[in-house]
Amino acid sequence: MNSQEIRELNELIQNQTGFIADLTDGMHRNIVGQRHLINSLLIGLIGNGHILLEGVPGLAKTMAIKTLASLVDAKFSRIQFTPDLLPADVVGTMIYSQKNEQFSIKTGPVFANFVLADEINRAPAKVQSALLEAMQERQVTIGDKTMPLPDPFIVLATQNPIDQEGTYQLPEAQSDRFMLKVVISYPSLEEEKKIIRGQINNTFQTVAPIMGKERIAEARELVSKVYIDERIEQYIADIVFATRRPEEYKLGELKQYISFGASPRGSINLAIAGRANSFIHRRGYVIPDDIREIAFDVLRHRIGLTFEAEAENVTADNIISEILNKVEVP
């Protein structure tokens, strides 16, 4: 792509990104603060990726997802994961009709545009696998019939990190299917006061749709055209390879803390999320800051930690921070 084509693409994207500001404003009608959460949801939406949200209860995770679904006029479903949940409760099952003397298919709540998998770590592995298979294949097979899931189809799963009893942690190989793992933090003191005031005065409202699902498809088409220079591709590859072979990037001290590095999905999702991030910033080309901004969310669930890391309280975020500080920026 030459410079003239990049300029034309840049102008096109600047003219087509007005809905991003509208969605952000709509989200902020019900969500106080949490800018990183809202930005991550938009990246997942236009980047066609699933998101794993982790945070203590009451941080507006469910509210943010429901608000976004309402703004896009998309079908929303919520699955409360519990230890007694069955795969059929998620994807659906075959039901026998005595009247017609034949089986019919009853689809499950996974047949929606936005699927909120609430507290996914409360369900056993069999149920988690049924959802993750639907995420990967974007289709469900019930009996001898295979049915495609609606488009767009995004799974937003939440995890409660504070309870250990009665939880089934997602295996690393399965959590790799989420484009982003977003860690939600507490609001600031001023934000907390706004939340209290809003609840007391009942100022939070049900939002109305501002766009249709077809606009998402158009945005995704534009995102796929965002220019990534070869130097940015090299930067992405270097970051991912530094999680696998830190000693080659003068980060030998990290080797004892990493049991395994990011998979090729990490590289792919860094590129896709980087494109989506540049689109949100109304640019037709990716810059290093686009990659650095989303590197933590893309990679934190793709790095395995050793016992030494746990013993010394070294987290995946610490490792990513060291890598970003060391790997040469183009």
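Residues numbered from 1 in each chain as written. Predicted model: local features only at pLDDT ≥ 70, side-chain atom pairs only at ≥ 80, totals over all residues. Heavy atoms only, no water.

**Student:** Summarise the pairing of strand 3 (residues 92-97); cite the residues concerned and give the values.
**Tutor:** Here strand 3 runs beside strand 4 (residues 102-107); their pairing, made up of six bridges, is antiparallel. The residue of strand 4 that forms the bridge with Thr-93 is Lys-106. Where strand 3 folds back onto strand 4 in an antiparallel hairpin, the turn is made up of four residues, including Glu-101, whose phi is positive at roughly 55°. (Pairing = 2+ DSSP bridges. Helix = DSSP H or I, 4+ residues; strand = E, 2+ residues; numbered from the N terminus.)

**Student:** I'd love a proper account of a nonpolar patch on the surface, names of residues and values included.
**Tutor:** Together, Met-94, Tyr-96, Phe-103 and Ile-105 give the surface a local cluster of nonpolar side chains, amounting to about 370 Å² of exposed area. Going through the elements one at a time, strand 3 and strand 4 are the ones with two or more residues in the nonpolar patch. Along the chain, Ile-105 turns up in strand 4. Using a relative accessible area of 30% as the deciding quantity, one classes Ile-105 as partly exposed. (Patch = residues over 30% accessible without salt bridge, like charges linked within 9 Å, V, L, I, M, F, W, Y side chains within 5 Å. Areas by Shrake-Rupley, 256 points an atom, 1.4 Å probe, with all protein chains shown as cover. Salt bridge = Lys/Arg side-chain N within 4 Å of Asp/Glu carboxyl O. Buried < 20%, exposed > 50% of the residue type's maximum accessible area, 1.4 Å probe, protein only.)

**Student:** Account for the side chain of Glu-119, with residues named and values stated.
**Tutor:** Mapped onto the elements of the fold, Glu-119 is located in the loop between strand 5 (114-118) and helix 6 (125-137). A polar contact of 3.3 Å, which involves the side chain of Glu-119, links it to the side chain of Gln-80. Apart from residues no more than four positions distant in its own chain, Glu-119 is found in contact with Gln-80, Phe-81, Thr-158 and Asn-160. (Polar contact = N/O pair within 3.5 Å; in protein donor to acceptor, adjacent residues only side chain to side chain. Contact = heavy atoms within 4.5 Å.)

**Student:** Can you break down the layout of surface pockets residue by residue, with the values?
**Tutor:** In this model, the second largest pocket occupies a volume close to 300 Å³. For the lining of the second largest pocket, the element with the highest residue contribution is helix 8 (residues 189-201), accounting for four residues. Grouping the constituent residues of the lining of the second largest pocket by class yields nine nonpolar, four polar and one charged. (1 Å grid on protein atoms, 1.4 Å probe; cavity = no way out; pocket = protein on both sides within 12 Å on 5 of 7 lines; lining within 4 Å. Points joined across faces, edges and corners; volume = space filled by probe spheres on them. Nonpolar A, V, L, I, M, F, W, Y, C, P; charged D, E, K, R; others polar.)

**Student:** Provide a residue-level description of the environment of Val-115, including the pertinent values.
**Tutor:** Turning to its location among the elements, Val-115 is positioned in strand 5. Beyond its immediate stretch of four places on either side in the chain, Val-115 contacts Ser-77, Ile-79, Pro-109, Val-110, Phe-153, Ile-154, Val-155 and Leu-156.

**Student:** Residues and numbers for the sheet that holds strand 8 (residues 154-159), please.
**Tutor:** Taken in spatial order, the five strands of this open sheet run 2-5-8-1-9, and their pairing is parallel. Unpaired on one side and paired on the other, strand 2 (76-80) and strand 9 (180-183) mark the two borders of the sheet. Averaged over all neighbouring strand pairs, the angle between strand axes comes to 20°, with direction disregarded. Inspection of the sheet shows strand 2 paired to strand 5 by five bridges, in the parallel sense. (Axes fitted to C-alpha atoms, helices over the stretch in contact; angles between N-to-C directions.)

**Student:** Give a description of the nonpolar core that names residues and reports values.
**Tutor:** Generally speaking, soluble globular proteins have nonpolar side chains that are buried together. Leu-23, Leu-41, Leu-68, Ile-239, Leu-270 and Phe-279 are the most contacted members of the largest nonpolar core, which totals 71 residues. It is helix 3 (residues 35-47) that contributes the most residues to this core, seven residues altogether. Once residues lying within four places of it in the same chain are set aside, the contact partners of Phe-279 are Ile-13, Gln-16, Thr-17, Phe-19, Ile-20, Ile-46, Ala-219, Leu-222 and Val-223. (Core = buried A, V, L, I, M, F, W, Y, C linked by side-chain atoms within 4.5 Å.)

**Student:** Now, about the pattern of salt bridges: what can you tell me, with residues and values included?
**Tutor:** One pass over the structure, following the stated rule, counts 14 salt bridges. The partner of Lys-181 in a salt bridge is Glu-54, with the nearest N and O atoms 3.4 Å apart. With a gap of 127 residues between them, Lys-181 in strand 9 and Glu-54 in strand 1 (residues 51-54) connect regions that are remote in the sequence. Judged on exposure class, the residue Lys-181 and its partner Glu-54 are both buried. Of the charged contacts in the structure, one is a salt bridge between Arg-245 and Glu-248, with a shortest N-O distance of 4.0 Å. Of the residues examined, Arg-245 reaches a relative accessible area of 39% and is grouped as partly exposed.

Geometric values such as these leave the question of function open.
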